[in-house]
Amino acid sequence: MASDIVAQLADSLAKTGVEDGELSYKGQGRKLDDAQSVEEIVKEIQDFEGLQALRLEGNTVGVEAAQAIAKALETKSDFKRCYWSDMFTGRLRSEIPPALNSLGDALMLAGARLTVLDLSDNAFGPDGVKGIENLLKSTACFTLQELRLNNCGMGIGGGKILAASLTHCHKKSSAEASPLSLKVFVAGRNRLENDGATALAQAFQLMGSLEEVHMPQNGINHAGITALASAMQQNKALRILNLNDNTFTEKGAIAMAQALKHLASVQVINFGDCLVRPAGAKAIAETVSEGLPILKELNLSYGEITEEAALAVAQSVKGKDKLEKLDLNVLVAHEPCFFMFSSDDEGEPEDDEDEDEDDDEEDLEDVDEEELEEEEEEEEEEEEEHSTSKFSTPVSAPRPPDVSSFLSFPSPDKLLKLGANRALLIEQQVDVSDAPKTAEAFLKIASVYKEENRDVKNAVLDSIDALLRKAYSTPSFQGCSFVSSLLVLLGLIKSEDKVKPVLVVPGHLHALEHVVQQDYFPEQSVAVLEAFMSRNNKILESCGNARITLQTTLQRVKSES
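Calculation rules
Residues numbered from 1 in each chain as written. Predicted model: local features only at pLDDT ≥ 70, side-chain atom pairs only at ≥ 80, totals over all residues. Heavy atoms only, no water. Helix = DSSP H or I, 4+ residues; strand = E, 2+ residues; numbered from the N terminus. Buried < 20%, exposed > 50% of the residue type's maximum accessible area, 1.4 Å probe, protein only. pLDDT = per-residue confidence, 0-100. Contact = heavy atoms within 4.5 Å. Phe/Tyr/Trp six-rings, centres within 6.5 Å; stacked < 30°, edge-to-face > 60°. Lys NZ or Arg CZ within 6 Å of the ring centre and 35° of its normal. Arc of directions from axis to C-beta. Expected span 1.5 Å × (residues − 1). Core = buried A, V, L, I, M, F, W, Y, C linked by side-chain atoms within 4.5 Å. Domains from an automatic or database assignment. Polar contact = N/O pair within 3.5 Å; in protein donor to acceptor, adjacent residues only side chain to side chain. Axes fitted to C-alpha atoms, helices over the stretch in contact; angles between N-to-C directions. Parallel < 35°, antiparallel > 145°, perpendicular 65-115°, else oblique. Nonpolar A, V, L, I, M, F, W, Y, C, P; charged D, E, K, R; others polar.

### Here we look at the overall build of the chain
Phase 1: Along its length, the chain carries 21 helices and 16 strands.
Phase 2: Relative to its 561 residues, the chain shows a buried fraction of 51%.

Here it is, written out as structure tokens:
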């Protein structure tokens, strides 16, 4: 009996959110065809005093069912939020406009003042926009703050109708001293193209109140992007701008970069897959460098930008203390080049505690395996001595230096035992056509660096010089990928591949300080390292003077270049 009461209570809580006046049927998959099928819903709406929100997403609503629900909403003057995404699955397109008209008419009759209207994932096309046209023009939308129409197939025609409706609403509401102040606009995947985007841009410019704009995948090229850029410039409180997967080209990117100079509140910029190209990326980099003080995320991935442009962008975020993510996942002259910032506050990738434990376990495993290997070598030497004394057979020739053993479990002694040809042996062992593996080898060699031991110090630097000279003289070597891999392995940026960083030791930074002063190391890579090393990062705190020395050297080399 008690379990039944609990079940009933859980069901009731699932449907209603009394505290915020919300009645929810979200994701229940109901097929609501006629008045009879919605009798329960209608009664609950009627009985719900102070109803402010109705969730119908994830169900399928026919015309008669919509009319019955609408009738129940006619008395709900407190109503504010429509969560009506994905509620026409399997319906004829001709059914959607009359259903929306009925619901909209009811809200107007009730005297509702909407703050949220979400009709995303309803493939209603231009006719569907006509179904909400009257609602958008009415007093019910004077207070609208969020309009979400993602993946509705509006097309150019629907975009124009929507723009005209918003413009009408703004003018009418302004006349009554309560101008429409839309804050969030979402209309991705709608095939708006240039004409639809340009029409909406005019409405955006008129309102000037937007804080979030999401319009990815709309087939907009530079003409529409330029119009949107002009409009965004007038929305001073803009925080998020997502235009992913449209076609900026240089013209659109430069126009958007100019607009962003006037938007100090921007926190997230997503221009991924937008073909910004080198000139556009550099223009955006200039804007980022000069302003956008609270920028958190910048995505210029897959924009067909060059390594030089990517490095300019990376350099531009220097000093952006709020920055959490920089995505430049690009193809540079057939070379993958990936940068992704992690948050300075985090210091390490997500799931820090778990990964810290994993890292500790790996460190212990490394030590154990190294000790085990040394013990095995001692046991083999003892066995050789024993067999010699027992059987008087010739002692076998000593094993040749084992580079693989050193790179698997680096130690100063192993490096020195490789002998005078150690640099050549390491150079031959590492495949420099694989930039990430080259970066990994670099850090392993650098990890055994000893400032106080001249022999070890020279062995490390000679080996690193040989390895990187060969790498940078190899046509197929991916310099950008090498630097980004270094930063990932040092834990200064995140990788989508969840690469675990190494335990950073002073030797890594001492070796880098040496490398950045060599003629084989590119000036642009110096600028990138300087940008990352100058950021406050807990990972480098344990390296003390090595970090300070590296930063000083990077600044000097950069100024001399």
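### Re the confidence of the model for the chain
Phase 1: Predicted confidence across the chain gives a mean pLDDT of 84, with 83% of residues reaching 70 or more.
Phase 2: In this model, residues 378-400 is a region of pLDDT below 50 whose contacts with residues beyond four sequence positions or in other chains number seven contacts.

### Points about the packing of aromatic side chains
Phase 1: Taken as a whole, this structure holds eight aromatic pairs when the rule is applied.
Phase 2: Measuring from ring centre to ring centre gives 6.2 Å for Tyr 472 and Tyr 520, while their planes differ by 25°; the resulting arrangement is stacked. Of this pair, Tyr 472 sits in helix H17 (residues 454-472) while Tyr 520 sits in the loop between helix H19 (506-515) and helix H20 (523-533), and the two are 48 residues apart along the sequence.
Phase 3: Its guanidinium or amino end placed over the ring of Tyr 83, Arg 55 lies 3.8 Å from that ring's centre, counting from NZ or CZ.

### Re helix H15 (residues 422-429)
Phase 1: All buried positions along H15 are accounted for by Arg 422, Ala 423 and Ile 426. One face of H15 carries all of its buried residues, which in axial projection span an arc of 100°.

### Re unusual backbone geometry
Phase 1: Although it is not a glycine, Gln 217 sits at a positive phi angle of roughly 55°.
Phase 2: Take Gln 217: it is sitting in the loop between strand E10 (212-214) and helix H8 (222-232).
Phase 3: Take Gln 217: its relative accessible area is 38%, and that puts it in the partly exposed class.
Phase 4: Even without being glycine, Glu 304 reaches a positive phi, approximately 55°.
Phase 5: Secondary-structure assignment places Glu 304 in the loop between strand E13 (297-299) and helix H11 (307-316).

### Some thoughts on helix H6 (residues 155-175)
Phase 1: Between its first and last C-alpha atoms H6 spans 30 Å; for 21 residues at 1.5 Å apiece the expected length is 30 Å, and the two agree.
Phase 2: Regarding H6, the residues found buried are Gly 155, Gly 158, Gly 159, Ile 161, Leu 162, Ala 163, Ser 165, Leu 166, Cys 169, His 170 and Ser 173.
Phase 3: Next to the buried residues of H6 lie helix H5 (125-137), strand E8 (146-148), strand E9 (184-186) and helix H7 (193-207).
Phase 4: Backbone geometry just after H6 places Ala 177 at a positive phi near 60°.

### Focus on the environment of Glu 211
Phase 1: With respect to the secondary-structure elements, Glu 211 resides in the loop between H7 and E10.
Phase 2: Owing to a relative accessible area of 22%, Glu 211 belongs among the partly exposed residues under this scheme.
Phase 3: Residues Glu 211 and Lys 183 lie 28 residues apart in sequence; the distance between their C-alpha atoms is 4.9 Å.
Phase 4: Excluding anything up to four places from it in sequence, Glu 211 contacts Lys 183, Ala 237, Leu 238, Arg 239 and Ile 240.

### Details of the nonpolar core
Phase 1: One finds Leu 73, Trp 84 and Phe 271 to be the most contacted residues of the largest nonpolar core, which totals 165 residues.
Phase 2: The element best represented in this core is H17, accounting for nine residues.
Phase 3: Counting residues domain by domain, this core receives three or more from each of domain 1 (15-327) and domain 2 (403-560).
Phase 4: The contacts of Phe 271, once residues within four sequence positions are left out, are Leu 241, Leu 243, Phe 248, Met 256, Leu 260, Val 276, Ile 284, Asn 299 and Leu 300.

### Examining the side chain of Asn 194
Phase 1: For Asn 194, the position within the fold is in helix H7.
Phase 2: Exposure remark for Asn 194: the relative accessible area of 19% places this residue in the buried category.
Phase 3: Among the polar contacts listed, one links the side chain of Asn 194 to the backbone nitrogen of Gly 224, at a separation of 3.1 Å.
Phase 4: Not counting residues within four places of it along the chain, the set of residues in contact with Asn 194 comprises Gly 219, Ile 220, Asn 221, Ala 223 and Gly 224.

### So, the environment of Lys 417
Phase 1: In this structure, Lys 417 sits in helix H14 (residues 412-417).
Phase 2: Through-space distance from the C-alpha of Lys 417 to that of Val 403 is 9.8 Å; in sequence the pair is 14 residues apart.

### Considering the side chain of His 508
Phase 1: By secondary structure assignment, the location of His 508 is in helix H19.
Phase 2: Classification of His 508 as buried rests on a relative accessible area of 2%.
Phase 3: With near-sequence residues (within four places) excluded, His 508 lies in contact with Leu 443, Ala 446, Ser 447, Leu 490, Val 502 and Leu 503.

### Brief notes about the packing of H6 against H7
Phase 1: Close contact between H6 and H7 brings their axes to 8 Å; oriented N to C, the two are set at 10°. Looking at the two axes, H6 sits roughly parallel to H7. Judged by residue contacts, Ile 156, Gly 159, Lys 160, Leu 162, Ala 163, Leu 166, Thr 167, His 170 and Lys 171 of H6 engage Glu 193, Asp 195, Gly 196, Ala 199, Leu 200, Ala 203, Leu 206 and Met 207 from H7.
Phase 2: Broken down by class, the residue content of the contact of H6 with H7 amounts to nine nonpolar, four polar and four charged.

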